[in-house]
Amino acid sequence: MSNILRKVMVRPLAFAKFCYNLTPNTSIHTTAAVSFNLSDKLDAEPTKAKKRVDPAVLALRENRKKKRLEREIRRLERFGRKLKPIDELEPERAILKEADVRKRVLPERTKLELDEEYFLKKEWANYINEQHKNQMDQLQRALKSQQEALKELKKDNALLYSAAIQLDTKLIPYLRDGPVQTPSKSGYEPPEGDYYDTTYLYDKR
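Residues numbered from 1 in each chain as written. Predicted model: local features only at pLDDT ≥ 70, side-chain atom pairs only at ≥ 80, totals over all residues. Heavy atoms only, no water.

Caption draft 1: Expanded view of a nonpolar patch on the surface. Residues V53, V57 and L58 make up a contiguous nonpolar surface patch of about 220 Å² in total accessible area. Considering the arrangement of structural elements, one finds L58 in helix 3 (residues 55-79). (Patch = residues over 30% accessible without salt bridge, like charges linked within 9 Å, V, L, I, M, F, W, Y side chains within 5 Å. Areas by Shrake-Rupley, 256 points an atom, 1.4 Å probe, with all protein chains shown as cover. Salt bridge = Lys/Arg side-chain N within 4 Å of Asp/Glu carboxyl O. Helix = DSSP H or I, 4+ residues; strand = E, 2+ residues; numbered from the N terminus.)

Caption draft 2: Region of interest: the pattern of salt bridges. Per the counting criterion, the structure on display carries five salt bridges. When the shortest N-O distance is used, the salt bridge between D115 and K111 registers 3.0 Å. In this pair, D115 and K111 both sit in helix 6 (residues 111-156), four residues apart, roughly one turn of the helix. Residue K121 pairs with E117 through a salt bridge whose shortest N-O separation is 3.1 Å. Taken as a pair, K121 and E117 lie in helix 6 at a separation of four residues, close to a single helical turn. Looking at E117, the relative accessible area reads 26%, which means it is partly exposed. Each of R109, E117 and K121 takes part in one network of salt bridges that share partners. (Buried < 20%, exposed > 50% of the residue type's maximum accessible area, 1.4 Å probe, protein only.)

Below is the structure:
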């Protein structure tokens, strides 16, 4: 008994903890038991050991990828990007076979003919330039005369001046038939019928 007292006096906290563990855990509740249970704490899965790969194998894989990319680049440089064919722009095979026969061989032109064409083009360019300059000068003179006439008309009669500067509605619906790409065919009647779209669609599947 003296030994127990001596231990209590030396280590009082340890003795109090020992006594607390001996007391039964009987809690008093006024509500019914819900019976909640807590599962055990589950830690993460242990990491798998990394497989050690030989550096020579890694270098071999990198070389294979590099060679594959270089091969694709050479193929693109040689053939280019392949475009989708357009049926409307592809000639018939019979015409392709007769390409050599249909090829027109132009005679070689002499130096005299080349010089004559060069000077003729140059003379035509000078003529067109002079014609354009004369037209612009004539237009500027007409505009200057019009402004002077309107200025004098404004001094004489304001009503006539306001009527003169109004827009001419008869000039707005301006229609003109210009030259067409192909001459018209007299008595031609366009065929009537159904239109079937035969365009081939290149769908990615």
